[in-house]
Amino acid sequence: MEHVPPPAEELARLDRELAELDARRAQLLTRRAWLLAALRPPAPTAAPGWNPSGWGAPAAGRPGAPAQPWGHVPPKQPSAPRSAQNVLLTLGGLLLTVAAIAFTLVSWGSMGIGGRSAVRAAVTVGALAAPVVLLRRGLTATAEALAALALVLTLLDAYAVHAVAAPDADGLGFTAVAAAVLAALWTAYGLALGKLHLPLPAAVVLAQWPLLFGAWAAGAPALVVGWALLATAVLDGAIALWGKGTGARVTACLGGSVMAFSALMVGLTLSVTASGPLGALAPGVLLLTAAAAALAGAWRAPRGFARAGGAVAGLAVVAAVGGVPAAVVPEGWRVLAYLLVGLAPAAVVRARLPRNAAIGVLVASAAVVAGALVGALPGLAAVLLGPVTLLSDVWSGSPEGFRSAVGSTLPWSELAATPVVLALVAGLLGAAYRWWPSLARIAAPLIAREEPGSGTGPTGAPGTGTPEAGGAAAPGVSGAPWYAGGAPAARRRPSGAALRGAAGAGAAVLGWGALLLSGAVLDVPYAVAVAGETLLVAGLLALAVRGAGSGRDGSAAVPVTALVVALAAAVSTGLLSLACEGASYAVFGALTALFAGAAVRAGAGVPRAVFAVAATVGGTVLSGFAGRSLGLAPHEAAPLVLLVPALTVLFGARLRRNPVALPVELTGALGALVAVALAVPDAPFLALVLALCGVLAAGAAVRPERRPVAGYLAAALFVLATWVRLAASEVSFPEAYTLPVTVPALVVGFLRRRKDPEASSWTAYGPGLAATLLPSLAVAWTDPDWQRPLLLGVAALVITLLGARYRLQALLLLGGAVLALDGLHELAPYVVQVAGALPRWLPPALAGLLLLVVGATYEQRLRDARRLKDALGRMR
């Protein structure tokens, strides 16, 4: 017979086994990660002069294998013993430098020409020769400190030569010559003493200034200065690619970036401010040369630098070529000239450029397009948000044109090309969405292309999008890249379907924006603008309905975007129509019909519910317009607004459990809240509206699925309407009106409880008791006499005792709450008097004592509260 242990023993045994399994699983995962790292191919060899990543040296005989398993933490190493020595050498070199500067500036004039030359030559030669001896003895840090001192001395020598030997020479010209000489000197010095780290970077820094200062000294124009900057940047690029030493290459990279940026800014400024096409040619040549240099550097640079170089080359080409036609066309059309040129670099997908450089050029083209689109944002914002100003002056009359209705002060003549820009980009995106497979085949060589040193890994590396790489190919297409559709080949890369959907969505948005801005640029009449925007909403709804629920080829983004834009366009069109009464009725009627038709044609789901909700909102606005046209005050128009909520109740009864029913009914409920808000200034109308809302809620409560919420809501609305009506009539004895309602309600509740003992006391007795107790409590709090509070307290006490005796929750809670509030009202004056007579320190002391008692018996009080909650929960 099998022994079955007790549950506690079996549970403890299971916990121990699970803990052992978790520990073993962690060990296996650690070993698996180490094995994967050991089997991984070796990383590409770093370029000369660049330090590899310090993850640990590979084990001997196992290239690429990690020195320790994954997760190994190396032991802490003691601080380097040479750190104090380095600090002392740095301080010593700094003090010598300060002394040399002070000697040159202060004590120089007290010596003759021979003494000056002898001191300067001896100190400089000694400082330059000392590192040679120190390096032979292995004192590298000391040699670096003296080399830094020698660098400062050579600079001071150059200053001394200018001050003594050539005081009349031009400062900029002398600085240019001195920088060139010192750069050559320190280059030779650094190459001769290869172990020193300072000379070559110092030579690179000095090489930045000869051409620039020479151009300034000669009074050259800005274009020549740009060429000087570009030549310096090219020199820096050559040093960054082929120079010796990491410090020199990093310094050259930084200096080249600054010089290239300055040269590009000079060329761009001259191109933009050119007076004609001939004046833009010379800056264009500078920019094209800079583009060629950037592309040449990108050809051999690592991945990130190659992409940056390609992007710089693309932007420079756009600025150079686009500047010529931009100098001819009016100012408002220049953006179109740059956009047309900016689309041309997209042809690099078929060029024999390195992959990363080509990607950088494509990024530049996308940046130009994005910049052109950003320029259209002010106009679109003015057209969309401008009609908001009409809310303060509804139905004031039809404006003369679209611009006056928008109320914007933008220079529309300068935005003349904006609709063309939007239409052009929308057409390109639409073409890409339509012929996406062909576009994917054209771009396939760019993604599949790999070149040495690109930083993307060899062919077959994961994420390249080829079958050899393990990337996911499109179904039925061997070696298809990640963007061609199908499963994504990399986790962080969007799928082809997503890109295609984004292109289609962008085409829809930009096309709508182009048509919208065309009306403002042309300043069409107000009626044409309103009709045109309504037709745009209709077109967007048709697009949303046509593709809703399809999801084919990732095209779900198109209908979703069309739906969102249609809602925004409908709001803008509705606001625009508020200037004229006829336009308001026509537009909102058309919008209501369009959204209702879209809800009928759309399939089941979120789009259909959104369409139905929008149609309900439009109908509610139309009912409000009807009240304004009839000359009714806002509170008098509130019952008209309830027509649409009534229709939503009927509509919900017709649809039953259809997913669209609940959003439509909730929208109708919001319309009812609007009606209540309109009726608040007039109490009799507020009572009427509340009663009508109660009727609607009662109608909804007829349906079983709405009864739990609508039933209580209907009762609350009826009671609230009664209270408001009594308050409006200034009734001082509300019991005369509430008791005739309370008594029959309690009788009906009693009969229901006899028939169904499981019925809730809140349903049976709650409405009837609340109808009398709550109004009487409100009047009792303002009654100076004692009769009403006494009678109310006695009645509340009897109700509370009955609730406790028969375990009825509604009676116990309602009676107890009313009794407590009534007693508080009666005892409040005496409590105030007693509190005023007590010392001021006593209430805080009593409060602290109470807290201590509660804290000491916290667990017991918590158990009491739980028992009370359970007792109340068991009541009916």
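Just so it is clear, the model here is predicted, and its values are computed rather than measured.

1. Focus: the packing of helix α22 (residues 606–629) against helix α25 (residues 661–679)
Now for step 1: It is the contact of α22 with α25, at a shortest axis distance of 9 Å, that shows an interaxial angle of 25°. Overall, the two elements α22 and α25 adopt an arrangement that is roughly parallel. Our pair here, α22 against α25, has a crossing hand that is right-handed. The segment α22 lies against α25, with Ala-609, Ala-612, Val-613, Thr-616, Val-617 and Thr-620 engaging Pro-663, Val-664, Thr-667, Gly-668 and Gly-671.
Now for step 2: For the contact of α22 with α25, the class distribution of residues is six nonpolar, five polar and no charged.

2. Topic: the pattern of salt bridges
Now for step 1: The final tally for this structure, using the stated rule, is four salt bridges.
Now for step 2: Between Glu-665 and Arg-703 there is a salt bridge, and its shortest N-O distance comes to 2.8 Å. Of this pair, Glu-665 sits in helix α25 while Arg-703 sits in the loop between α26 (683–701) and α27 (707–728); the two residues are 38 residues apart in sequence, bridging distant segments of the chain.
Now for step 3: A residue is classified by how much of its surface remains accessible, and Glu-665, at 11% relative accessible area, is buried.
Now for step 4: Here Glu-735 ties to Arg-788 by a salt bridge, and the two come within 2.7 Å at their closest N and O atoms. A residue pair is termed long-range when its members are at least 10 positions apart, and Glu-735 in helix α28 (residues 735–755) and Arg-788 in helix α31 (residues 787–806) qualify at 53 residues. As far as burial versus exposure is concerned, Glu-735 and Arg-788 are alike and both buried.
Now for step 5: By sharing partners, the salt bridges in this structure join Glu-665, Arg-703, Glu-705 and Arg-706 into a single network.

3. Some remarks on the nonpolar core
Now for step 1: Ranked by size, the top nonpolar core spans 62 residues in total, and within it Phe-402, Trp-412, Phe-595 and Phe-611 carry the most contacts.
Now for step 2: If one sorts the elements of this core by residue count, helix α19 (residues 526–547) sits on top with nine residues.
Now for step 3: Filtering out sequence-adjacent residues up to four positions away, Phe-595 remains in contact with Leu-541, Ala-566, Leu-567, Ala-570, Phe-611, Ala-614 and Ala-615.
Now for step 4: Leu-135, Leu-151, Ala-183 and Trp-186 belong to the second largest nonpolar core, which has 22 residues in total.

4. Let's talk about the confidence of the model for the protein chain
Low pLDDT marks stretches whose predicted atomic positions should not be read closely.
Now for step 1: In this model, the protein chain carries an average pLDDT of 79, and 81% of its residues clear a pLDDT of 70 or more.
Now for step 2: Averaged pLDDT values for the elements of the protein chain fall to 54 in helix α2 (residues 83–105) and rise to 92 in α25.
Now for step 3: For the stretch residues 44–82, pLDDT sits under 50, and the model shows 26 contacts to residues farther than four places along the chain or on other chains.
Now for step 4: Ignoring residues within four places in sequence, the model shows residues 450–491, a span with pLDDT below 50, making 77 contacts including any to other chains.

5. What about the packing of helix α12 (residues 334–343) against helix α13 (residues 355–374)?
Now for step 1: Direction vectors running N to C along α12 and α13 enclose 155°, while the axes themselves pass 9 Å from each other. For the element pair α12 / α13, the angle class is roughly antiparallel. As for the relative orientation of α12 and α13, their crossing is left-handed in sense. Residues Val-335, Tyr-338, Leu-339, Gly-342 and Leu-343 of α12 form the contact with α13, whose own contacting residues are Ser-365, Val-368, Val-369 and Ala-372.
Now for step 2: Looking at the contact of α12 with α13, its residues break down into seven nonpolar, two polar and no charged.

6. What to know about the packing of aromatic side chains
Now for step 1: Counting across every chain of the model gives eight aromatic pairs.
Now for step 2: Arranged with centres 6.1 Å apart and planes meeting at 35°, the rings of Trp-395 and Tyr-585 form a pair that is tilted. Pair noted here: Trp-395 is in the loop between α14 (377–385) and α15 (402–406) and Tyr-585 is in helix α21 (residues 581–601), with a separation of 190 residues, a long-range link.
Now for step 3: Aromatic pair Tyr-585 and Phe-625: ring centres 5.9 Å apart, planes at 70°, arrangement edge-to-face. Remark: Phe-625 occurs in helix α22 and Tyr-585 occurs in helix α21; sequence separation between them is 40 residues.
Now for step 4: Looking at Phe-625, the relative accessible area reads 9%, which means it is buried.

7. Some points on the environment of Ala-498
Now for step 1: Following the sequence through the fold, Ala-498 ends up in helix α18 (residues 496–522).
Now for step 2: Overall, the relative accessible area of 41% leaves Ala-498 in the partly exposed class.
Now for step 3: Along the chain, Ala-498 and Ala-557 lie 59 residues apart, while their C-alpha atoms are 7.9 Å from each other.

8. Notes on the environment of Glu-705
Now for step 1: The residue Glu-705 is located in the loop between α26 and α27 in this model.
Now for step 2: C-alpha of Glu-705 to C-alpha of Arg-656: the two residues are 49 residues apart in sequence and 8.5 Å apart in space.
Now for step 3: Within the structure, the side chain of Glu-705 is placed 3.1 Å from the side chain of Arg-703, a separation counted as a polar contact.

Thresholds, definitions, all that
- Residues numbered from 1 in each chain as written.
- Predicted model: local features only at pLDDT ≥ 70, side-chain atom pairs only at ≥ 80, totals over all residues.
- Heavy atoms only, no water.
- Axes fitted to C-alpha atoms, helices over the stretch in contact; angles between N-to-C directions.
- Helix = DSSP H or I, 4+ residues; strand = E, 2+ residues; numbered from the N terminus.
- Parallel < 35°, antiparallel > 145°, perpendicular 65-115°, else oblique.
- Left-handed = near helix turned anticlockwise from the far one by under 90°.
- Contact = heavy atoms within 4.5 Å.
- Nonpolar A, V, L, I, M, F, W, Y, C, P; charged D, E, K, R; others polar.
- Salt bridge = Lys/Arg side-chain N within 4 Å of Asp/Glu carboxyl O.
- Buried < 20%, exposed > 50% of the residue type's maximum accessible area, 1.4 Å probe, protein only.
- Core = buried A, V, L, I, M, F, W, Y, C linked by side-chain atoms within 4.5 Å.
- pLDDT = per-residue confidence, 0-100.
- Phe/Tyr/Trp six-rings, centres within 6.5 Å; stacked < 30°, edge-to-face > 60°.
- Polar contact = N/O pair within 3.5 Å; in protein donor to acceptor, adjacent residues only side chain to side chain.

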